[in-house]
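# Overview (structure and organization)
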Amino acid sequence: MAIMQLSIFLENSPGRLKGVLSVLSNNNINIRALSLAEKQSYGMLRLIVSDTEKASEVLKKENIAVNVTSVIGVEVSDKPGGLLEIAEILEKNAINVEYLYAFVEKFGDKAVVVLRVDETEKAGKIFVEKGIRVLEDKDIASL
Amino acid sequence: MLAFGQANPLKASFGTRGKGGCMAFFNKEIETASLSRLKEIQLERLRKLLEYVSAGMPFYRKTFEEKKIDISKFSTLEDLKHLPFTVKSTLRDHYPFSLFAVPLKEVVELHASSGTTGKLTVVGYTKKDISLWSEVMARTLACAGVQKGDIIQNAYGYGLFTGGLGVHYGALELGATVIPVSSGGTKRQLMLMEDFGSTVLTCTPSYSLFMAEEAKETGVDPAKTKLKVGILGAEPWTEGMRDQIEQAWNMKALDIYGLSEIIGPGVAMECEGKAGLHLWADHFFPEVINPATGEVLKEGEEGELVITTLTKEALPLIRYRTGDIVTLTCEPCKDCGRTMPRMSKIKGRIDDMLIIRGVNIFPSQIETVLMNIPEVAPHYQIIVTREKHLDKLEVQVEVVEEVFSDEIKKLEELERKVVFEIESTLGISVNVKLVEPRKIERSMGKAKRVIDQRQ
């Protein structure tokens, strides 16, 4: 009930992002969702890609610090209050959000949000109980 | 010209070497001689040495005359403190051969080390010097537990650098098998190690770590080789690095000390007890001095190592300042029974010493702190800059796979931890910068740990 996310350590210097993106591009890996967090001297690039395992392998070969974590991808109605519904569920169940970002593409008429929470399993179950679709890795691959 | 070998009848009297029987020693009689016996030999040799250099080396004759030093009055080892030091620039000033105490035709081998100032430091060896080198290196290898039947993968550079050939001569003298692979060519090193079944690795500590990393990357488990001991030196390294090397290779990692000006490798060596390096003081007389005042320090006090070569022919040196910071003890070793004085691992280099806002810091002190933080890789670099007249220290630490976390707060914690540990241990403030893995240059030879950008 989780999807795999790549986290990539980027030094804060020109060309670092380009380096990572060209490795992915050269290996025919497609980016489905992304976010870039910035710190003073480094950045953290988080990606959902078409083939996480392969991406991680090719990046490591290039000596890029990469880490695979599980996050939740949930469908959100593309209308005012859509994301609020998700936030309310999390609040009610005392689940803490560390970060979130959105998919570039829609799934049919729905938007998709990537959530990193402190209790991934629990959150996934609750969403399913509430009839909210939670994405699996195979959904990403078939996008 | 005095033939120094003849003026020195003691060497032949050292009797049986440990070639049969107990292989822990190469020359047990002298390696376990009593302190009074050692002092007797040293004094005898020192007196001969002073005669030899006054007769054969214009540089020393002139220095003694200028300082009004009467070598005939030299009666105890303590009198050595009245003699002036010899420094590296003396060797450079006499480039290439004018410091030699013998005619060039007596010199059978030349070595040179590159100086940061450009000019080479040249050293020469007579045939007798080469046998001396072979003897002290054979003692050194035996001290590390090497014996006939061992296969030594000698990954020190062969060439002008003394490391490769020094180990080589010692191996021949001891009767071990030596693979003269020299430094570099890591893939080939790993192949030879596996195919030839090397049991001993000789190289710099940083190169041994580099090789272990390369091995893992090519899918070879370095812990599964036949290596039982690494004889590692030519750069200062810490206990933390020792642990990492021993774990990675599943072998003992022992420290070897030497410098080309004195003879090359083979001046001092750790035994398996790892309680200091046994210094072959019947040939190399050690003192520890206060680098600022030149005053000789008491046993156990930390200072600069100064060595007088007692038996060299081509290039004997009086009170040569090594630039290495150590302590010395004369207590016999509890582990192996050797009685030769023991020096600590090198704690720093006089020329590496950083003065950060008035506080004296050696890079090795920073390394010691970093090695006690398990998340920090052995790969780090120290960058010193000056901003608005204030010295600033930046420690770059690689974010290796084991450390890297998706959570930024964990990386921040790591940064804070490194800052805190360095500040609380060394009393200086630092910036910590996390850098990408393998961003810090790997070295085949000596690791470049400190980049001083203050000019």
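Residues numbered from 1 in each chain as written. Chains lettered and ligands numbered in written order. Predicted model: local features only at pLDDT ≥ 70, side-chain atom pairs only at ≥ 80, totals over all residues.

This part covers the overall build of chain A. Summing up its helical and strand segments, chain A has 5 helices and 6 strands in all. Secondary structure elements in chain A, listed N-terminal to C-terminal, are β-α-β-β-α-β-α-β-β-α-α. Here the analysis covers contacts within chain A between residues at least 6 apart in sequence; of these, 68% occur between residues at least 24 apart. (Helix = DSSP H or I, 4+ residues; strand = E, 2+ residues; numbered from the N terminus. Contact = placed C-beta atoms within 7 Å.)

On the chain B side, the residues contacting the 13 residues of chain A number 12 residues. At the level of secondary structure, the elements contributing two or more residues to the side of chain A that touches chain B comprise strand 1 (3–11), strand 3 (42–49) and strand 4 (66–77) of chain A. The element contributing the most residues to the side of chain A that touches chain B is strand 1 of chain A, with 3 residues. Taken together, the residues that form the side of chain A that touches chain B break down as 6 nonpolar, 5 polar and 2 charged. (Nonpolar A, V, L, I, M, F, W, Y, C, P; charged D, E, K, R; others polar.)

Attention shifts here to the confidence of the model for chain B. All names here are of chain B. Overall, the prediction assigns chain B a mean pLDDT of 88, with 92% of residues at 70 or greater. Taken as a whole, residues 1–23 scores under 50 in pLDDT and shows 33 contacts with residues more than four places along the chain or in a different chain. Predicted complex, confidence summary: ipTM 0.78, pTM 0.68. (pLDDT = per-residue confidence, 0-100.)

On to unusual backbone geometry. All names here are of chain B. The residue after Tyr95, namely Pro96, is reached through a cis peptide bond having omega -10 degrees. One can find Pro96 in the loop between helix 4 (88–93) and strand 1 (107–113). A positive phi is found at Ser182, a non-glycine position, where the angle reads about 65 degrees.

Let's shift gears to the packing of helix 7 (residues 186–197) of chain B against helix 8 (residues 205–217) of chain B. Residue and element names in this part refer to chain B. It is the contact of helix 7 with helix 8, at a shortest axis distance of 10 Å, that shows an interaxial angle of 80 degrees. One way to sum up the angle between helix 7 and helix 8 is to call them roughly perpendicular. Between helix 7, through Thr186, Gln189 and Leu190, and helix 8, the contact on the second element is made entirely by Met211, Glu214 and Ala215. For the contact of helix 7 with helix 8, the per-class residue count stands at 3 nonpolar, 2 polar and 1 charged. (Axes fitted to C-alpha atoms, helices over the stretch in contact; angles between N-to-C directions. Parallel < 35°, antiparallel > 145°, perpendicular 65-115°, else oblique.)

To continue, consider the sheet that holds strand 11 (residues 303–309) of chain B. All names here are of chain B. What the 4 strands build is an open sheet, ordered 10-11-12-15; its pairing is antiparallel. Edge positions in the sheet fall to strand 10 (284–289) and strand 15 (348–349), since each has one partner strand and no second. Relative to strand 15, strand 12 (residues 320–326) runs antiparallel, the two sharing 2 bridges. Each residue of the ladder has a partner; that of Asp324, found in strand 15, is Arg349. (Pairing = 2+ DSSP bridges.)

Once that is clear, we can look at the confidence of the model for chain A. Taken residue by residue, chain A gives an average pLDDT of 90. The fraction at 70 or more is 99%. Ranking the elements of chain A by mean pLDDT puts helix 5 (residues 137–141) of chain A last with 81 and helix 3 (residues 82–92) of chain A first with 93.

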